[in-house]
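# Analysis of the macromolecular model
The primary structure of each chain is shown beneath.
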Amino acid sequence: MAAEAYAGQVLAADLTRVRFVEGARSFISQHAEGFAERFGGRAGRSVDAA
């Protein structure tokens, strides 16, 4: 599932911002390495980094 589609589903489910951010952090911690391998970049970057 595309990231945009997932985000749209989460927002459409009317979740609070806190729950959305918690879910995003969990997703990133579970899949950061795979994203880095596929798209390049660093897997260890913090969610809070801008």
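The coordinates are above.
The following paragraphs examine the structure supplied in this document. Owing to the predicted nature of the structure, the values given are computational and were not obtained by experimental measurement.

## Things to note about the overall build of the protein chain
In terms of regular secondary structure, the protein chain is built from 2 helices and 0 strands. Counting the 50 residues in the protein chain, one finds 6% classified as buried. As presented, the protein chain carries roughly 4300 Å² of accessible surface, and 54% of it is formed by carbon and sulfur atoms.

## Examining a nonpolar patch on the surface
Among the surface-exposed residues, F27, I28, F35 and F39 lie close enough to one another that they form a single nonpolar patch of about 380 Å² accessible area. With respect to the element layout, I28 can be found in helix α2 (residues 17-39).

## Points about the packing of aromatic side chains
Throughout the structure, instances matching the rule amount to 3 aromatic pairs. Note on Y6 and F27: the rings are 6.1 Å apart at their centroids and 20° apart in plane angle, and the pair reads as stacked. Taken as a pair, Y6 in helix α1 (residues 3-12) and F27 in helix α2 lie far apart in primary sequence, 21 residues in all. Taking the relative accessible area as the measure of exposure, Y6 reaches 38% and is therefore partly exposed. We classify F27 as partly exposed; its relative accessible area is 36%.

## Points about α2
For α2, with 23 residues, the first-to-last C-alpha span of 27 Å runs short of the 33 Å given by 1.5 Å per residue. Along α2, the largest kink reaches about 60° and is centred on H31. The positive-phi residue at the C-terminal boundary of α2 is G40, with phi of around 85°.

Parameters at a glance
Residues numbered from 1 in each chain as written. Predicted model: local features only at pLDDT ≥ 70, side-chain atom pairs only at ≥ 80, totals over all residues. Heavy atoms only, no water. Helix = DSSP H or I, 4+ residues; strand = E, 2+ residues; numbered from the N terminus. Buried < 20%, exposed > 50% of the residue type's maximum accessible area, 1.4 Å probe, protein only. Areas by Shrake-Rupley, 256 points an atom, 1.4 Å probe, with all protein chains shown as cover. Patch = residues over 30% accessible without salt bridge, like charges linked within 9 Å, V, L, I, M, F, W, Y side chains within 5 Å. Salt bridge = Lys/Arg side-chain N within 4 Å of Asp/Glu carboxyl O. Phe/Tyr/Trp six-rings, centres within 6.5 Å; stacked < 30°, edge-to-face > 60°. Expected span 1.5 Å × (residues − 1). Bend = angle between axes of the 7 residues up to and from the residue.

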